[in-house]
Amino acid sequence: IIRSQFPALQQSGVIFFDNPGGTQIARQSLERVTGYLTQHNANHGGAFATSRQSDAILDEAHTAMADFYNAARPEEIIFGNNMTTLTLHISRSIARTWNAGDTIVVTRLDHDANVRPWLQFAERAGVVVRWLDFDPVSSELLWESVESAIGERTRLVAVTGASNLIGTIPPVAAIAQRAHAVGALVWVDGVHVAAHRLVDVGALGADFFVCSRRGK
C-alpha cells in the first residue's frame, strides 16, 4: 500500500536505495506541486487573484509544518533549499557572534552537514571545537563527554536528532537543558528522526530544528 503511493516505484523491478541522494516523491505531494505550478504560481504580495492564492498556500504550509513539529507559531517555520544549505547560511550569521576563545560542541554521531559548517566558521573566528564521543559498544553518546564539553564559554551545541549512520537517538532534551544552563544555542539536525517519530521542538528544547524535505 505504501509503495503504491510513489509513482517512481511503479516501474517493474526497480528499487531505489538512494535516501542520501533524495527520497522519491509521494503522489500526493507531486499532485500538490503540479496543482500549484499550473493554477496558482505567482509572485507573493500582489493584489491579483493568483498572488493571493499563492500567499494562502504558503500560509497553509507554514501552519501545517508548525503543527507537525509542535512549533509555537507558524512564523517560526522557514523554508529553504535543504538542511545542508540552511545550516551553511545560518551558521555564517551565528558565527558573527563568536569571539576567540569561545567554544562550540559537535558530535561524532552527526552527518557532516551538521559538523563541517560549524568547523569552518569556528576556525575563522578562533573558536575552540569540542567533540561529544559515543560508546563504541552501545553507540550512545557518553554523558560524561557532554558534561565536560559544555562550559561557560560554550556558544552552540550541534547535535543530531538521530544518527544517519547507526540510528542512535541522543538525549537531545537533556543536552539542550545542559546547553541552555550556560546560555548556549542548540542546533538539531532532524533529517533522520522526523520521518520515524513525531517531533515536539518545544519538548526537545531545540533553538533550531532543521529538516530536509525527505525527513518530512
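Everything numeric in this text was worked out from a predicted model, so none of it was measured.

A. View of the nonpolar core. Within the largest apolar cluster, 30 residues are counted, with the highest numbers of intra-cluster contacts made by Y69, I150, V159, I175, V188, V199 and F209. Those elements that place two or more of their residues in this core are α2 (49-69), α5 (143-149), β3 (154-160), α6 (172-180) and β4 (185-189). The dominant element in this core, judged by the number of residues it contributes, is α6, at four residues. When near neighbours in sequence (up to four residues on either side) are disregarded, V159 contacts T107, D110, N114, L141, P170, V172, I175, V186, W187, V188 and D189.

B. Representation of the packing of helix α1 (residues 27-39) against α2 in the model. Contact geometry of α1 with α2 gives a least axis separation of 10 Å together with a crossing angle of 155 degrees. On the basis of their axis angle, the class for α1 and α2 is roughly antiparallel. Helix-helix and strand crossings are classified by hand; for α1 and α2 the assignment is left-handed. Each of R32, Y36 and Q39 in α1 lies in contact with α2, whose residues at this interface are T50, Q53, S54, I57 and E60. A class-by-class count of the residues in the contact of α1 with α2 yields two nonpolar, four polar and two charged.

C. Representation of the packing of helix α3 (residues 83-94) against helix α4 (residues 116-125) in the model. The interhelical angle for the contact between α3 and α4, taken along N-to-C directions, is 30 degrees, at an axis separation of 9 Å. As the angle between them shows, α3 and α4 are arranged roughly parallel. Handedness of the α3/α4 crossing: right-handed. Seen from α3, the contacting residues are T87, L88, S91, R92 and I94; seen from α4, they are P117, W118, Q120 and F121. Within the contact of α3 with α4, the residues separate by chemical class into five nonpolar, three polar and one charged.

D. Structural context of unusual backbone geometry. One non-glycine residue, N70, lies in positive phi territory at about 55 degrees. Among the secondary structure elements, N70 is positioned in the loop between α2 and α3. A positive phi is found at S139, a non-glycine position, where the angle reads about 65 degrees. By secondary structure assignment, the location of S139 is in the loop between β2 (128-132) and α5. According to the relative accessible area criterion, S139 is buried, its value standing at 18%.

E. Molecular detail of the sheet that holds strand β5 (residues 208-210). As summarised here, the arrangement of the five strands in space is β2-β1-β3-β4-β5, forming an open sheet in which the pairing is parallel. Every other strand in the sheet has two partners, leaving β2 and β5 as the edge strands with one partner each. The average undirected angle you get between the axes of adjacent strands in this sheet is 20 degrees. In terms of strand pairing, β3 meets β4 through five bridges, oriented parallel. Directly across from L156, in β4, lies its bridge partner L185.

F. Summary view of the pairing of β3. The element β3 is largely enclosed, with a buried count of six among its seven residues. The pairing of strand β1 (residues 103-107) with β3 spans three bridges and is classified as parallel. Considered in β3, the bridge of T103 is made with T154. Between β3 and its parallel partner β4, the chain crosses via α6, and the hand of that crossover is right-handed.

G. Region of interest: the pattern of salt bridges. Counted under the stated rule, the structure contains seven salt bridges. Its salt-bridge partner being D102, residue R153 comes within 2.8 Å of it at the nearest N-O pair. Taken as a pair, R153 in the loop between α5 and β3 and D102 in the loop between α3 and β1 lie far apart in primary sequence, 51 residues in all. Across the salt bridge formed by R108 and D133, the nearest N and O atoms sit 2.7 Å from each other. Of this pair, R108 sits in the loop between β1 and α4 while D133 sits in the loop between β2 and α5, and the two are 25 residues apart along the sequence. What makes R108 partly exposed here is its relative accessible area of 46%. Residues joined by salt bridges that share partners form a network here, namely D102, R153 and R155.

What counts, and at which threshold
- Residues numbered from 1 in each chain as written.
- Predicted model: local features only at pLDDT ≥ 70, side-chain atom pairs only at ≥ 80, totals over all residues.
- Heavy atoms only, no water.
- Core = buried A, V, L, I, M, F, W, Y, C linked by side-chain atoms within 4.5 Å.
- Buried < 20%, exposed > 50% of the residue type's maximum accessible area, 1.4 Å probe, protein only.
- Helix = DSSP H or I, 4+ residues; strand = E, 2+ residues; numbered from the N terminus.
- Contact = heavy atoms within 4.5 Å.
- Axes fitted to C-alpha atoms, helices over the stretch in contact; angles between N-to-C directions.
- Parallel < 35°, antiparallel > 145°, perpendicular 65-115°, else oblique.
- Left-handed = near helix turned anticlockwise from the far one by under 90°.
- Nonpolar A, V, L, I, M, F, W, Y, C, P; charged D, E, K, R; others polar.
- Pairing = 2+ DSSP bridges.
- Right-handed = clockwise from strand over helix to strand, strands pointing away.
- Salt bridge = Lys/Arg side-chain N within 4 Å of Asp/Glu carboxyl O.

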